[in-house]
Amino acid sequence: MVSRVSTVAFQGIQAVPVDVQIMVAPGKMNMHIVGLPDKAVAESRERVQAALHASGLSMPPKKVTVNLAPADLPKEGSHYDLPIALGLMAALGAIPGDALAAFVVLGELSLDGTIASVSGALPAAISANALGKGLICPDACGAEAAWAGEDIDILAPRSLIAIANHFRGTQVLSRPVASIQGAPAEMKDMADIKGQETAKRALEVAAAGGHNLLFVGPPGSGKSMLAQRLSSILPPLSAAELLEVSMISSIAGELAGGKLTDRRPFRAPHHSATMAAMVGGGVRARPGEVSLAHHGVLFLDEFPEFSPQVLDSLRQPLETGECFIARANHRVSYPARIQMVAAMNPCRCGMSGEPGYRCARGPRCRTDYQARISGPLLDRIDLRIEVPAVQAADLIRPNRGETSQTIAGRVARARETQHRRYVQLGQKPVSTNAQCSSALIEEIAEPDSSGLALLRDASEKLSFSARAYHRILKIARTLADLDGEEQVGRIHLAEAISYRVAGGQLAEAA
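Bear in mind that the values here come from a model prediction, so they are computed numbers and not experimental data.

**Section: the packing of aromatic side chains**
Alright, step 1. Taken as a whole, this structure holds two aromatic pairs when the rule is applied.
Alright, step 2. Between Phe 266 and Phe 299 the ring centres are 6.0 Å apart and the planes differ by 35°, which places this aromatic pair in the tilted class. Note that Phe 266 is positioned in strand β11 (residues 266-267) and Phe 299 in strand β12 (residues 297-300), a separation of 33 residues in sequence.
Alright, step 3. Residue Phe 266 is classed as partly exposed on the basis of its relative accessible area, which comes to 29%.
Alright, step 4. When its relative accessible area of 3% is taken as the criterion, Phe 299 is described as buried.
Alright, step 5. A cation over a ring is seen here: Arg 421 above Tyr 422, with NZ or CZ 6.0 Å from the ring centre.

**Comments concerning the confidence of the model for the chain**
Alright, step 1. Averaged over all residues, the pLDDT of the chain is 90; the fraction at 70 or higher stands at 97%.
Alright, step 2. Of the regions scoring below 50 in pLDDT, residues 505-510 engages in 17 contacts with residues more than four places distant in sequence or in other chains.

**Quick look at the side chain of Arg 380**
Alright, step 1. By the element assignment, Arg 380 lies in the loop between α16 (375-379) and β16 (383-386).
Alright, step 2. A distance of 3.2 Å separates a polar atom in the side chain of Arg 380 from a polar atom in the side chain of Glu 319.
Alright, step 3. In this structure, Arg 380 is in contact with Asn 212, Arg 315, Leu 318, Glu 319, Arg 467 and Arg 471, ignoring residues within four places of it in sequence.

**Focus on helix α21 (residues 466-483)**
Alright, step 1. Here α21 spans 26 Å end to end across 18 residues, near enough to the 26 Å set by a 1.5 Å rise per residue.
Alright, step 2. Most of α21 sits out of view: 14 of its 18 residues are buried.

**Comments concerning the pattern of salt bridges**
Alright, step 1. Scanning all chains against the criterion turns up 25 salt bridges.
Alright, step 2. Of the charged contacts, one joins Asp 379 and Arg 500 as a salt bridge, the two residues approaching to 2.6 Å between their closest N and O atoms. Taken together, the positions of Asp 379 in helix α16 and Arg 500 in helix α22 (residues 490-501) put the pair 121 residues apart, joining distant regions of the chain.
Alright, step 3. Looking at Asp 379, the relative accessible area reads 15%, which means it is buried.
Alright, step 4. For Asp 481, the salt bridge identified is with Arg 477, shortest N-O distance 3.1 Å. Residue Asp 481 and its partner Arg 477 are located together in helix α21, separated by four residues, close to a single helical turn. No difference in accessibility class separates Asp 481 from Arg 477, as the two residues are buried.

Calculation notes
- Residues numbered from 1 in each chain as written.
- Predicted model: local features only at pLDDT ≥ 70, side-chain atom pairs only at ≥ 80, totals over all residues.
- Heavy atoms only, no water.
- Phe/Tyr/Trp six-rings, centres within 6.5 Å; stacked < 30°, edge-to-face > 60°.
- Helix = DSSP H or I, 4+ residues; strand = E, 2+ residues; numbered from the N terminus.
- Buried < 20%, exposed > 50% of the residue type's maximum accessible area, 1.4 Å probe, protein only.
- Lys NZ or Arg CZ within 6 Å of the ring centre and 35° of its normal.
- pLDDT = per-residue confidence, 0-100.
- Contact = heavy atoms within 4.5 Å.
- Polar contact = N/O pair within 3.5 Å; in protein donor to acceptor, adjacent residues only side chain to side chain.
- Expected span 1.5 Å × (residues − 1).
- Salt bridge = Lys/Arg side-chain N within 4 Å of Asp/Glu carboxyl O.

In structure tokens:
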């Protein structure tokens, strides 16, 4: 007799259907799991046997074979425990076998028969809904899975006994309710920053157009404070963006209590992070920091202290918005449409260029330190801002600056303008100027005659690359959107060029 249970295997954020087949046949009492299982799946045998015993069932004194089909697809993770156990229970007659045909099942078993949470419940629920099936998942994952839709049947039992009683009709499991995280009690506000008007203006421009940004300045100048407040002026996630971000967090097991949030991700990895931690990888090809910051902010503090190989691994995600992880037996891609914000000291001493300070190693200290950032990566950073040390006059000024709420209002209006423009042009996947293609930006950011002359002269004198030319147009288009102007003018291009050449010494060093 063969019983069947549906489950999934994860490839990136996609859930691939897997058929769990259980055969109980005459032979020596044992359980074999086949179908390219990894170590966690192979150990399911022990967990399933203990959980069944704790639930008042015993393994049949026969040979049990578990096949995970398709057999050539690698199976990884502990979420195969529950489908294997339910398949065995159906084979033993403890639950009706036909009841399982309408569900996709995933969950990890504890030795006492309770069901522990697993990662990937949201992508599994979406896949089950696409197949026209319901989902059986752990109780801790129910709130997360409920976001897949109101029409999907979701069962979230706490134990094997609970699911068996449900199918027998002695206990009815209620459908879990989708929940969302509340707003943080204390949001960091732009009004907390004293002085640094140029840096705050650049931060607003970066938020409005989704541009990459680099702060260069001495220690204590407020670079990290500025970057940490970028999230407070960004608009909330749209419904489609919320779903994508939550699916990545679900795969990574980072949805606390199964609750979703419409706040944009803000990831700040330490500079000791490896390439696998940054772009994804490992034995199970998990998403890295770049993918976990999808539709949000990736903040890299102490920028040159990251390994040069790690920094250069960001070049493709910044350009394409995707991370591709290639292995000998499979290839996985994770979305990585990020806004990168970096902060660095001008030299290893940290005070190069400051009045009254003379670096012990001379100009070479600054040059060698900044040369750790490659030219191609630097070329992908739209705005480069020098952040000077804060003066005492700024600190004792009684009036506070603009609040995040005020700045966020301008950012939201500029983003709404961009969204309408790209929808009208049939470019629905594009939502910000930073994502716009080179051909399209030349069309929508065509400057007036005086602006064109300025751009031509600047390109000749400063030897802009083709990428730099188009990124200047994107920044100018964002500045015009902030001003509510349809035409990109000379003043917008002049400000965009100033942001580009502010890191001229950086470009020379790289």
